[in-house]
Amino acid sequence: PSSDCIVAEQLCLSDSTCNATYRTLENCALVKTRLLSLDHESRVRCLNAELDLENSSLLHCRCHRRMKRQEHCLRIFWTVHSSMTDGYFNLETSPYENPANEEHWKTDYNKLAALVSGKNCSQLVGDATNPCLRATHVCNLSKKCFRLRTDYASICTKGAGSEDVCDRRKCHRGLRNFFEKVPEDFTKKILFCPCQDEFCGERRRKTIVPDCSFQYNTKPNCLWLLDSCLEDHICKSRLADFQQNCQPVDMSPDGCSLHNHAACLQAYMGMIGTPMTPNYVSNSSVEVSLWCTCENSGNQKEKCDQILGMFESNKCL
């Protein structure tokens, strides 16, 4: 069976029985996308259709973070697994392949870093004491890293200093492009650079251009942020990936259920450029948060605190 959802969908559509079952699930997913509730009979029909696909490769297919037609692949996954999101934000399983199964890019990061450390670059202001600045200089020596970083920076800073507001959707897309298409050797160094002073911390916090991609004039409720995320296939998928790979466990020595911090950091980076974009909360700490509040959450306060706590007090992250 194919592990690629796009190939699995093509195989299913060529079989009349599988095709009919899949069309039923598409209707079920469409109703949920419109945030309509299913009656009991419809819910049973949808669950039975999911069970009918038990032996189909569709039920076990996954997507890749860097694949073409990623949104189409994710739509297929959530069509088949739409019952997971029924009335609760715990998405249980990630639609993405295990990072260990994905191809790791060979990069020239070390060679470029050596150039930055060389005599010609040693005069760069603050380079020795500011790891974030140094990581940026290394990025600038890579054509792809420089181009995609410049792309999102220009989109996300449009309107700064004027009455125009930035185009948050375009800014988010530019950020996702950067973190998906640039090798992690570069992106991780820029986002997780260790800082000893506030100047360095400010540069780290502004990596994702918070005025455009992160902050609103007033903090929205975290439940509103979650609803925005669940309506978006990419955000919902990244949240599922984050929940799976950054699941905290109090009894575990490292605080992680999967004991894989690299996968957790990758999942965290995947949230950047979505409606639930996280960021550092200040220039002087490594604490991160969502830009939202749980005030006025009524009887959903516990659920709201849980969403915020996944970022603010997550031992695994």
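Residues numbered from 1 in each chain as written. Predicted model: local features only at pLDDT ≥ 70, side-chain atom pairs only at ≥ 80, totals over all residues. Heavy atoms only, no water.

Selection rule: UniProt positions are given in the numbering used here, feature names are shortened, and annotations may be inferred rather than shown by experiment.
Naming follows an unreviewed UniProt entry, where the protein chain appears as GFRA4 protein of Chloropsis hardwickii. UniProt annotates the protein chain under Subcellular location (unreviewed entry) with the comment "Cell membrane".

Here we look at unusual backbone geometry
Spelled out, the test is: Numbering goes from the N terminus for both helices and strands, where a helix is a DSSP run of H or I of at least four residues and a strand is a run of E of at least two. In this scheme, a residue with accessible area under 20% of its type's maximum is buried, one over 50% is exposed, and one in between is partly exposed, where area comes from a 1.4 Å probe on protein chains only.
Of note in this structure, Arg69 is not a glycine but carries a positive phi near 55°. With respect to the helices and strands, the residue Arg69 is situated in the loop between helix H3 (40–52) and helix H4 (70–80). For Arg69, a relative accessible area of 52% corresponds to the exposed category. With a phi angle near 60°, Asn296 is a residue other than glycine that sits in the positive phi range. Within the secondary structure layout, Asn296 lies in the loop between strand S2 (288–290) and helix H15 (301–312).

Remarks on helix H14 (residues 261–271)
Short version of the rule: We call two residues contacting when some pair of their heavy atoms lies within 4.5 Å. Residues adjacent in sequence count toward polar contacts only when both atoms are side-chain atoms; beyond that, a polar contact is any pair of N or O atoms within 3.5 Å, and within protein one must be able to donate a hydrogen and the other to accept it.
Burial analysis of H14 places 8 of its 11 residues in the buried class, which makes it a mostly covered element. The complete set of buried residues in H14 reads Ala263, Cys264, Gln266, Ala267, Tyr268, Met269, Gly270 and Met271. Turning to H14, the residues buried within the fold contact helix H8 (168–181), helix H9 (184–191), helix H13 (233–245), strand S1 (278–280), S2 and H15. The N-terminus of H14 is capped by Asn260, whose side-chain oxygen sits 3.3 Å from the backbone nitrogen of Ala262. Directly beyond the C-terminal end of H14, a positive phi value near 95° is found at Gly273.

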